[in-house]
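So the chains spell out like this:
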Number of protein chains: 2
Amino acid sequence: MNKVSQTWNQHVVKKENKALVLHTIKANAPISRASVAQVTGLNKGTVSSLVSELLDEKLINESGTGKSSGGRRPVMLLLNETAGFTISIDLGVNHILGVVTDLQGNIIHERTVQFKNDDLEIVLTHLYQLIDELIIIIPESEYGIVGIGVGVPGVVTLEGEIQLAPNLGWKKVALKDILFERYRVPIIVENEANAGAYGEKVYGAGMESTELVYASISFGIGVGLILDGKLYKGLRGFSGELGHMTIEKDGPECRCGNKGCWELYASEKSLLEEAEKIGFENASVEQLVFAAENGEAKAIQLLEKLGDYLGIGITNILHIFNPEQVVIGNTIQQAAKFIMPAIEKRIEKNAIGFNKNDVKLNVAKLNNHSTVMGMAAFNIESFFKSTDKEIIPT
Amino acid sequence: MNKVSQTWNQHVVKKENKALVLHTIKANAPISRASVAQVTGLNKGTVSSLVSELLDEKLINESGTGKSSGGRRPVMLLLNETAGFTISIDLGVNHILGVVTDLQGNIIHERTVQFKNDDLEIVLTHLYQLIDELIIIIPESEYGIVGIGVGVPGVVTLEGEIQLAPNLGWKKVALKDILFERYRVPIIVENEANAGAYGEKVYGAGMESTELVYASISFGIGVGLILDGKLYKGLRGFSGELGHMTIEKDGPECRCGNKGCWELYASEKSLLEEAEKIGFENASVEQLVFAAENGEAKAIQLLEKLGDYLGIGITNILHIFNPEQVVIGNTIQQAAKFIMPAIEKRIEKNAIGFNKNDVKLNVAKLNNHSTVMGMAAFNIESFFKSTDKEIIPT
DNA sequence: CTAAGTTTGTCTAGCGAATAAACTAAGATT
DNA sequence: AATCTTAGTTTATTCGCTAGACAAACTTAG
């Protein structure tokens, strides 16, 4: 018989309590030791000693005294947000968006590259160049670059290998290993919709929600699932392929091999194809929205039809997950004014009352930064986990 | 600011370690103290003292000495499975299945009632009578009836209120309160598919799986989700309404208000309606299977078509969740021989490789006992949780 | 049959981490 | 100025785990 389970001992207790104190300071800064004790339920003395360790590790700072509430004035504590920095990247089909954030998720610097050719070697060159430029900008700090995170439009395994990125034309790219080889810092590679979901949960529209579904509507459709407050990835990391959920069982064949997939009706690609058919030649979403805003009926109809199709899939989502919130993100956001009412109308008409009553439907609050901020959140979370002392086994 | 979080202290450590020891004994019985220490990673002395407490609480028993492996012979430990009993019930549309189980999930006694009239008052009378009969049978024990659990074909809130049971014609029935009022023991009311999923996970086909989707195919379709090893219920408990997932966007209207719902194509109801159309008057699933087994082409075709429709929805499930296992349960199991190959064929043809490669597709191993055993598992788990000492807050 | 080695299970001492309570510090209130 | 309040530190105590010693009970080898 093999040793199998996590045992519980005082090391674990300390680790968890320390993380709790750190998280409390991060979330409520500036805050005094006394308030931390009250919020967490820990004893004042315990908090004092944990805080002193966190100060030693430069993870937090004292920031002068606060206001008295009738007695001695408190010493306020802050997260030392510049103790380290993340490099967080949204790798898209024809652009890369890269940011440097501090440990609080504040964007220190931002940079975008546009390109046409999606060949792996070429994109990697752009990526290296972008990362190298961001690295130069990062100020000196205690922990330096705590991680590089990349969100990609494709299927990513739990091990950070891109299995398939159809819109880039990539297969089996071990991006995590490639980047680690080059930069020797912790690397996280994650699906773009998963990252977007997490970004909206941590910094965006979903800060109050634990059950959140993020629908990334762009060229294709990807969905990120936050269930019970955590990103849900499935057995191998391939969950959330709702773009390839059949909504028309005898519909046309999708390139994925399935039939009548949602993204054949409700993606940017399908929108632009429909537009082409009725005379909008080579149009972009932006142009269609512009036309719609100028009152062009054909454009308005196109967008509303798209919203209706989106509503069909989102109704399914409500029935499947009973989420607290559904967030619509990625490039389609530009058309929010026209699609959101159509989505709501479809849900209102079709969804089961219990499942639609308490749900909030929102546009991504971080705009085109959902993915990049999700990657930042992954990086930061992973860094703080690594600062917990290792448990020494016997 | 309010006290908000669980703090970690040595009471929690002890509670968790004790639960770990108990669970290890439950899962590996008969087992010696030494082996428990090895398996859990806890110190021998710690195990000894926790075991002695568990013995005092009559939750476990010593059962004589085991075989020596070259030294002193071990004292084997067993779960005291008869320290208490559960009453677990599957409340169906025209029958009630009730069982008494011990704490290991062994069925001690079983009883079924059939009826035609689904009026609440009448069904409750049957239910009371059944429970009363089961109570009489339960032997004297340390903890007595540790809980009554009822699985119902309907939408159940987190608070155990039946919001709607369409096939029973019930609305807003606070069954949990009603039963507690009468029996004064812990009551659990849960959706039938959720219970079935849990039953298969704990005692059935899914014992090795942490990501399991259980599709209960009967008059309607309900789905239970085991994600990350736990039952996933969504924000209010209404997840898993995959029966009302649109698979034909312009399909006929469902009584739920949506269009082209999966259960309009792939449920027992739809099967029997189709059968009626081609001359099987007033047939049952059983009769159709009988006909198919006798080589009647029309019956075979009907069942295969049903399997094909099921395959469409299950393909969606694979894309949405990337599960480890999909289990088909409830009354449709009788037709497994004909529908399973059709389901597999559809998945093979339509599902994305990544999502179908590692998935296991199975028929419920507990047959028509999935729900009842799930309720037993809920009861037992809830009982063991309640035996953990309370953490005294300061 | 005996001596040596092995395994099980208990016991004791010690350690780490949390708590309670006393204490110091520094303000507000009357 | 005297007293009350609140913040933060220090000390003593408690609790649960671990290590290691030890006794009991068994196997194995000569």
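Report follows, based on the coordinates. The structure presented is a predicted model; accordingly, all values stated were derived computationally and were not measured.

## Let's talk about helix α8 (residues 268-277) of chain B
Residues and elements named next belong to chain B. Residues of α8 that are buried include every one of E268, S270, L271 and A275, and no others. In an axial view of α8, the angular spread of the buried residues amounts to 165°, which keeps them on one side of the axis. Elements that come into contact with the buried residues of α8 comprise α7 (263-266), α9 (285-293) and α10 (297-321).

## Overview of the interface of chain A and chain B
Each partner contributes residues to the interface: chain A has 67 residues there, and chain B has 67 residues. Across the pair R236 of chain B and D358 of chain A runs a salt bridge whose closest N-O atoms are separated by 2.6 Å. Summed over the shared surface of chain A and chain B, the result is 30 residue pairs in polar contact (both at pLDDT 80 or more). Only α1 (10-28), α2 (33-40), β9 (162-165), β13 (221-227), α10 (297-321), α11 (336-350) and α12 (353-357) of chain A provide two or more residues apiece to the side of chain A that touches chain B. Considering every element that reaches the side of chain A that touches chain B, the biggest residue donor is α10 of chain A, with 7 residues.

## Section: the packing of α2 of chain A against helix α3 (residues 44-56) of chain A
Residues and elements named next belong to chain A. Running from N to C, α2 and α3 cross one another at 120°; their axes reach a closest spacing of 9 Å. Relative to α3, the element α2 lies oblique. Seen from above, α2 lies across α3 with right-handed handedness. Across the interface between the two elements, R33, V36, A37 and T40 of α2 pack against K44, V47, S48, V51 and L55 of α3. The class makeup of the residues in the contact of α2 with α3 is 5 nonpolar, 2 polar and 2 charged.

## Observations regarding the packing of aromatic side chains
The full count for this structure, using the stated rule, is 11 aromatic pairs over all chains. Note on F321 of chain A and F321 of chain B: the rings are 5.4 Å apart at their centroids and 55° apart in plane angle, and the pair reads as tilted. Of the two residues, F321 of chain A sits in helix α10 while F321 of chain B sits in helix α10, which places them in two different chains. Overall, F321 of chain B belongs to the buried group, its relative accessible area being 0%. An angle of 55° between the planes, with centres 5.5 Å apart, marks the rings of F354 of chain A and F238 of chain B as tilted. Of this pair, F354 of chain A sits in helix α12 while F238 of chain B sits in the loop between β14 (230-231) and α7, on two different chains. Put simply, the rings of Y143, F383 and F384 of chain A pair up and form one aromatic cluster. The aromatic ring of F280 of chain A is capped on one face by K298 of chain A, whose charged end is 5.6 Å from the ring centroid. Directly above the ring of Y309 of chain A sits K305 of chain A, whose terminal nitrogen or CZ lies 4.7 Å from the centroid.

## Structural notes on the nonpolar core
Among the nonpolar cores identified, the biggest contains 96 residues, and W262, F321 and I328 of chain A together with W262, F321 and I328 of chain B are the most heavily contacted of them. The residues touching F321 of chain A, leaving out its near neighbours within four places in the chain, are V213, L225 and L227 of chain A together with Y232, G234, L235, S239, I320 and F321 of chain B. Within the second largest apolar cluster, 41 residues are counted, among which are V36, L50, Y214 and M375 of chain A.

## Re the pairing of β13 of chain A
In regular strands, side chains alternate between the two faces of the sheet. Residues and elements named next belong to chain A. Buried residues dominate β13, accounting for 7 of its 7 residues. Examined bridge by bridge, strand β12 (residues 212-217) and β13 share 6 bridges and lie antiparallel to one another. Each bridged residue has a counterpart across the sheet, and for S216 the counterpart in β13 is G222. Sheet analysis places β13 next to strand β14 (residues 230-231), joined by 2 bridges and oriented antiparallel. If you follow L227 over to β14, its bridge partner there is K230.

## Here's the deal with the relation of the copies chain A and chain B
When chain A is fitted onto chain B, the two copies agree to an RMSD of 0.1 Å after a turn of 180° and an axial shift of 0.1 Å. Such a combination of turn and shift is consistent with a two-fold rotation axis. When you check the interface residues of chain A against chain B, 100% turn up at the interface there too, and the contact is symmetric in its surfaces.

## Considering the side chain of T101 of chain B
Residues and elements named next belong to chain B. As for its placement among the helices and strands, T101 is situated in strand β5 (residues 95-102). Within the local environment of T101, its side chain forms a polar contact with the side chain of T86, the two groups lying 2.7 Å apart. Residue contacts for T101: discarding those within four places in its chain leaves G84, F85, T86, N106, I107, I108, A376 and I380.

## Regarding the sheet that holds strand β7 (residues 145-152) of chain A
All names here are of chain A. Reading across from one edge, β6-β5-β4-β7-β11 is the order of the 5 strands in this open sheet, with mixed pairing throughout. Bordering the open sheet on either side are β6 (107-114) and β11 (187-191), each of which pairs with just one other strand. The average angle at which neighbouring strand axes cross in this sheet is 15°, direction not considered. Sitting on the sheet, helix α6 (residues 192-203) is in contact with β7 and β11, with an inclination near 100° to β11.

## A word on the pattern of salt bridges
One pass over the structure, following the stated rule, counts 32 salt bridges over all chains. The partner of K269 of chain B in a salt bridge is E273 of chain B, with the nearest N and O atoms 3.9 Å apart. Of this pair, K269 of chain B and E273 of chain B both sit in helix α8, 4 residues apart, roughly one helical turn. We classify E273 of chain B as partly exposed; its relative accessible area is 43%. Among the charged side chains, a salt-bridge network with shared partners connects K14, K18, E53 and E57 of chain A.

The rules behind each value
- Residues numbered from 1 in each chain as written.
- Chains lettered and ligands numbered in written order.
- Predicted model: local features only at pLDDT ≥ 70, side-chain atom pairs only at ≥ 80, totals over all residues.
- Heavy atoms only, no water.
- Buried < 20%, exposed > 50% of the residue type's maximum accessible area, 1.4 Å probe, protein only.
- Helix = DSSP H or I, 4+ residues; strand = E, 2+ residues; numbered from the N terminus.
- Arc of directions from axis to C-beta.
- Contact = heavy atoms within 4.5 Å.
- Salt bridge = Lys/Arg side-chain N within 4 Å of Asp/Glu carboxyl O.
- Polar contact = N/O pair within 3.5 Å; in protein donor to acceptor, adjacent residues only side chain to side chain.
- Axes fitted to C-alpha atoms, helices over the stretch in contact; angles between N-to-C directions.
- Parallel < 35°, antiparallel > 145°, perpendicular 65-115°, else oblique.
- Left-handed = near helix turned anticlockwise from the far one by under 90°.
- Nonpolar A, V, L, I, M, F, W, Y, C, P; charged D, E, K, R; others polar.
- Phe/Tyr/Trp six-rings, centres within 6.5 Å; stacked < 30°, edge-to-face > 60°.
- Lys NZ or Arg CZ within 6 Å of the ring centre and 35° of its normal.
- Core = buried A, V, L, I, M, F, W, Y, C linked by side-chain atoms within 4.5 Å.
- Pairing = 2+ DSSP bridges.
- Least-squares fit on C-alpha atoms with pLDDT ≥ 70 in both.

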